[in-house]
Amino acid sequence: MADCIFCKINNGEINTSFLYEDEQIMVFRDINPRAPVHLLIVPREHIADLGAAEEKHKELLGHINLVIAQMARQEGISDKGYRVIMNKGADGGQEVFHLHYHLLGGAPLGNMVTYR
Ligand code: 5GP
Ligand code: ZN
């Protein structure tokens, strides 16, 4: 996708250092961190949002979850805990329309997501 920021990160047009990468996904720090640890876990394939995921992405989606848990251990936030967020669409507050998961931690994040 020509105008997609995360596709540009994937193809090297936007230089970004990866904390982890493999043939399916890449992990890098959010440019505007909302917590002491704020990572983005992003499939290399352009999938616009979770609603566009298909049966063929089942293994990928499982892999993403396991890498999130591994990154949390690597960042030293696993024992105290963390939050994983996936925003979908306008009401979900999605800004980059290429599927991605946020890993947030390193401080108490409060109880639950609200709309206030
Ligand atoms: P969304 O609101 O779509 O779930 O989250 C998009 C996230 O991507 C935001 O937290 C934003 O700070 C981050 N972001 C946008 N552009 C870039 C970029 O060029 N590099 C990095 N590392 N993060 C970005
Ligand atoms: Zn993309």
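Whatever comes next refers back to the structure up there.
The notes below deal with the structure included here. (Residues numbered from 1 in each chain as written. Chains lettered and ligands numbered in written order. Predicted model: local features only at pLDDT ≥ 70, side-chain atom pairs only at ≥ 80, totals over all residues. Heavy atoms only, no water.)

Details of the overall build of the chain
In step 1: Broken down by element type, the chain carries 3 helices and 5 strands.
In step 2: For the chain, the sequential pattern of α-helices and β-strands runs α-β-β-β-α-β-α-β.
In step 3: For the C-alpha atoms alone, the extent of the chain along its principal axes is close to 35 × 30 × 30 Å.
In step 4: Within the span of the chain, comprising 116 residues, buried residues form 37% of the whole.
In step 5: Considering only contacts within the chain whose residues lie at least 6 apart along the sequence, 53% involve residues at least 24 apart.
In step 6: Total accessible area on the chain is roughly 7300 Å²; 51% of this is exposed by carbon and sulfur atoms.
In step 7: Looking at the chain, you have 11 positive and 15 negative side-chain charges, and the mean spots of the two groups are 7 Å apart. (Helix = DSSP H or I, 4+ residues; strand = E, 2+ residues; numbered from the N terminus. Buried < 20%, exposed > 50% of the residue type's maximum accessible area, 1.4 Å probe, protein only. Contact = heavy atoms within 4.5 Å. Areas by Shrake-Rupley, 256 points an atom, 1.4 Å probe, with all protein chains shown as cover. Lys, Arg positive; Asp, Glu negative; His and termini not counted. Charge placed at Lys NZ, Arg CZ, Asp CG, Glu CD.)

A look at the pattern of salt bridges
Pairs can form between side chains of opposite charge whenever their charged atoms are close.
In step 1: Counting across every chain of the model gives 5 salt bridges.
In step 2: Between D30 and R34 there is a salt bridge, and its shortest N-O distance comes to 3.5 Å.
In step 3: The class of D30 is buried, set by a relative accessible area of 11%.
In step 4: Taking the shortest distance from any N to any O, the salt bridge between K88 and D49 comes out at 3.3 Å. With K88 in the loop between β4 (82–85) and α3 (89–92) and D49 in the loop between β3 (37–43) and α2 (58–74), this pair connects stretches of sequence that are 39 residues apart.
In step 5: Using a relative accessible area of 41% as the deciding quantity, one classes K88 as partly exposed. (Salt bridge = Lys/Arg side-chain N within 4 Å of Asp/Glu carboxyl O.)

Quick look at the site of ligand 1
In step 1: Near ligand 1 there are 17 residues, and of these D30, R34, E95, H100 and H102 occur at the shortest range.
In step 2: For ligand 1, an oxygen atom lies 2.3 Å from a polar atom in the side chain of R34.
In step 3: Relative to its unbound accessible surface of 520 Å², ligand 1 loses 88% to contact with the protein.
In step 4: The pocket occupied by ligand 1, as judged from atoms lying within 2 Å of grid points, is the largest pocket.
In step 5: Elements with a minimum of two residues in the shell around ligand 1: α1 (5–10) and β2 (25–29). (Near = heavy atom within 4 Å. Polar contact = N/O pair within 3.5 Å; in protein donor to acceptor, adjacent residues only side chain to side chain. 1 Å grid on protein atoms, 1.4 Å probe; cavity = no way out; pocket = protein on both sides within 12 Å on 5 of 7 lines; lining within 4 Å. Sits in = over half its atoms within 2 Å of the grid points.)

Observations regarding the coordination of the zinc ion (ligand 2)
In step 1: Taken together, C4 (SG), C7 (SG), H46 (ND1) and H98 (ND1) make up the protein donors of the zinc ion (ligand 2), found 2.0 to 2.3 Å from the metal.
In step 2: Each of the 4 donor atoms around the zinc ion (ligand 2) contributes to a set of angles spanning 104 to 116°, which defines the coordination as tetrahedral.
In step 3: Along the chain, the residues that donate to the zinc ion (ligand 2) are spaced as C-x2-C-x38-H-x51-H. You can see C4 sitting in the segment before α1 and its partner H98 sitting in the loop between α3 and β5 (101–105), a full 94 residues away along the chain. Here the two residues C4 and H98 agree in accessibility, since each one is buried. (Donors = N, O, S within 2.8 Å, 3.2 Å for Na, K, Ca; no water. Tetrahedral: all angles 85-135°; square planar, octahedral: opposite > 155°, others 65-115°.)

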